[in-house]
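Reading the structure
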Amino acid sequence: MPTMTKPDNLPEKIQHYINGEWVDSADGSTFDVLEPVGNEVYLTAAAGKKADIDRAVAAAKDAFESGPWPRMLPRERARVLNKIADLVEAQDKRLAELETFDTGLPIKQALGQARRAAENFRFFADLIVAQADDTFKVPGRQMNYVNRKPIGVAGLITPWNTPFMLESWKLAPALATGNTVVLKPAEFTPLSASLWAGIFEEAGLPKGVFNLVNGIGEEAGDALVKHPDVPLISFTGESKTGQIIFANAAPYLKGLSMELGGKSPAVVFADADIDAALDATVFGVFSLNGERCTAGSRVLVERSIYDDFVERYAERAKNVVVGLPSDEATEVGALVHPEHFDKVMSYVELAKEEGRIVAGGKRPDEWPEGNFVLPTVVADVEPQARIFQEEIFGPVVAITPFDSDEEALELANNTKYGLAAYIWTNNLKRAHNFAQNVQAGMVWLNSNNVRDLRTPFGGVKASGLGHEGGYRSIDFYTDQQAVHISLDEAHTPKFGVGAQ
């Protein structure tokens, strides 16, 4: 069976990066990291625990309280961020190669994610220079203005799907606003996170501003969330983990931003551009191996076009190229880890009872090993089915018919999640009314998932808490201080002076 070629100069061990130095765990413990095609151990990573988090937080706190980074002018920080973006762009092919080997993402898609990571840094470099804050004046009486201040040590906990890009999503605004950070990447995919240290050093980021601790969530992640010197936690991951973080952060009254799971609907009305809707809904659930929080994994189709749509959708799914992640022709690669593969396959087995499998439904015959799953299309799925309600996070889609606008909206809102929604119709009034009433933090009308970095990203219900993106990220990573100045004699009531 073909296997992926191991990238050149691949490390055998990944350490923590604390206060500008690579270090082992305090107790020397490590964990194994697998590549997803053969599920072979290809490196070990230092397994961080409370002592390692304590050391990283201490370094970040000292850099915040005594170092130059929070005190630099926005333009000075922006120069460093733009240099980071330049360095990421200069090695985008290397980054994509490592990401593909570590995660199983198709190489073309991984390359796009590497370039998006560079754009995240460039965007926030521009934003902090151009930003203006509120000023209010009462003529002759008072001036009021807002100061923005970095908050301190930001704890960043990132997922294993497109890890490098999603790390940049948090790192860029946290650093742009003058905070220092401790990053805890997902234990399945620590490889690309280790590249940040060299990039930041070359770009001129001061020592201690960026710190990296590897480890599992229940140990390193838990210690970071509970650390009293970490006032901010930004987390992307499963809703159940988000609930645990919410509870553990509550005693410390930390600022929380949590982008959690999704089970997003893609609603296709009969008057839509069906070819465009097919392109978008097939791409929307099978790109990135289906391992994306905003995947349109429930496709709701108006009954008058339902049978034809299902037939055409199934044919497209059968022709999706499943193969080695490193092959440029591959459209769906290998799922990230055998544990996740087993989870996705358990839903594939469940789908045989909860619907009609019209494509996929098994491992590819030509890939008897590794974490490969055929793109799976399940038709006639009832709204109470688990594959309709639960996030699968793999290349599996449920298709369900509807008869009216009201039923479509009811089905779209009929899950605990509310991250994204995709609406396909050429009726302008329907499109805007549906967008207004669908329970989702983000809505795309007649479009696939193309996001402007200036817009808020986040969900409702079990899909998250708070929003990041654009100025919302600036809001999260800064304290807003209102300053009031009297321009005339203050009209203060006089207490304690007796009758006048």
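What this report covers is the structure whose coordinates are included nearby.

Here we come to the overall build of the chain. Check the secondary structure of the chain and you find 15 helices and 21 strands. Sorting the 500 residues of the chain into buried and exposed places 56% on the buried side. Residue pairs in contact within the chain that sit at least 24 positions apart in sequence constitute 73% of those at least 6 positions apart. Of the roughly 21,200 Å² of accessible surface on the chain, a fraction of 49% belongs to carbon and sulfur atoms. Distance between charge centroids for the chain: 6 Å, based on 48 positive and 69 negative side chains.

The strand order E1-E5-E4 describes an open sheet built from three strands, whose pairing is mixed. Each edge of the open sheet carries a strand with a single partner, namely strand E1 (13–14) and strand E4 (30–34). Here two bridges tie E1 to strand E5 (residues 41–46), and the two strands are oriented parallel to one another. By the bridge assignment for E5, Lys-13 is matched with Thr-44.

Right, let's talk about the packing of aromatic side chains for a bit. Across all of its chains, the model carries 19 aromatic pairs by this definition. Of the aromatic side chains, those joined through ring pairs into one cluster are Tyr-17, Trp-22, Phe-121, Phe-164, Trp-196, Phe-200 and Phe-210. Across from the ring centre of Tyr-252, 5.2 Å away, lies the NZ or CZ of Lys-254, which sits over that ring. Directly above the aromatic system of Phe-388 lies the positively charged group of Arg-298, at a separation of 4.8 Å from the ring centroid.

Evaluation of the coordinates by the stated rule reveals 22 salt bridges. Linking Arg-122 and Asp-86 is a salt bridge whose minimum nitrogen-to-oxygen distance equals 3.0 Å. Within this pair, whereas Arg-122 is found in helix H4 (residues 107–130), its partner Asp-86 is found in helix H2 (residues 74–90), the two being separated by 36 residues in sequence. It is possible to trace a salt-bridge network through shared partners that takes in Asp-86, Glu-89 and Arg-122.

The rules we used
Residues numbered from 1 in each chain as written. Predicted model: local features only at pLDDT ≥ 70, side-chain atom pairs only at ≥ 80, totals over all residues. Heavy atoms only, no water. Helix = DSSP H or I, 4+ residues; strand = E, 2+ residues; numbered from the N terminus. Buried < 20%, exposed > 50% of the residue type's maximum accessible area, 1.4 Å probe, protein only. Contact = heavy atoms within 4.5 Å. Areas by Shrake-Rupley, 256 points an atom, 1.4 Å probe, with all protein chains shown as cover. Lys, Arg positive; Asp, Glu negative; His and termini not counted. Charge placed at Lys NZ, Arg CZ, Asp CG, Glu CD. Pairing = 2+ DSSP bridges. Phe/Tyr/Trp six-rings, centres within 6.5 Å; stacked < 30°, edge-to-face > 60°. Lys NZ or Arg CZ within 6 Å of the ring centre and 35° of its normal. Salt bridge = Lys/Arg side-chain N within 4 Å of Asp/Glu carboxyl O.

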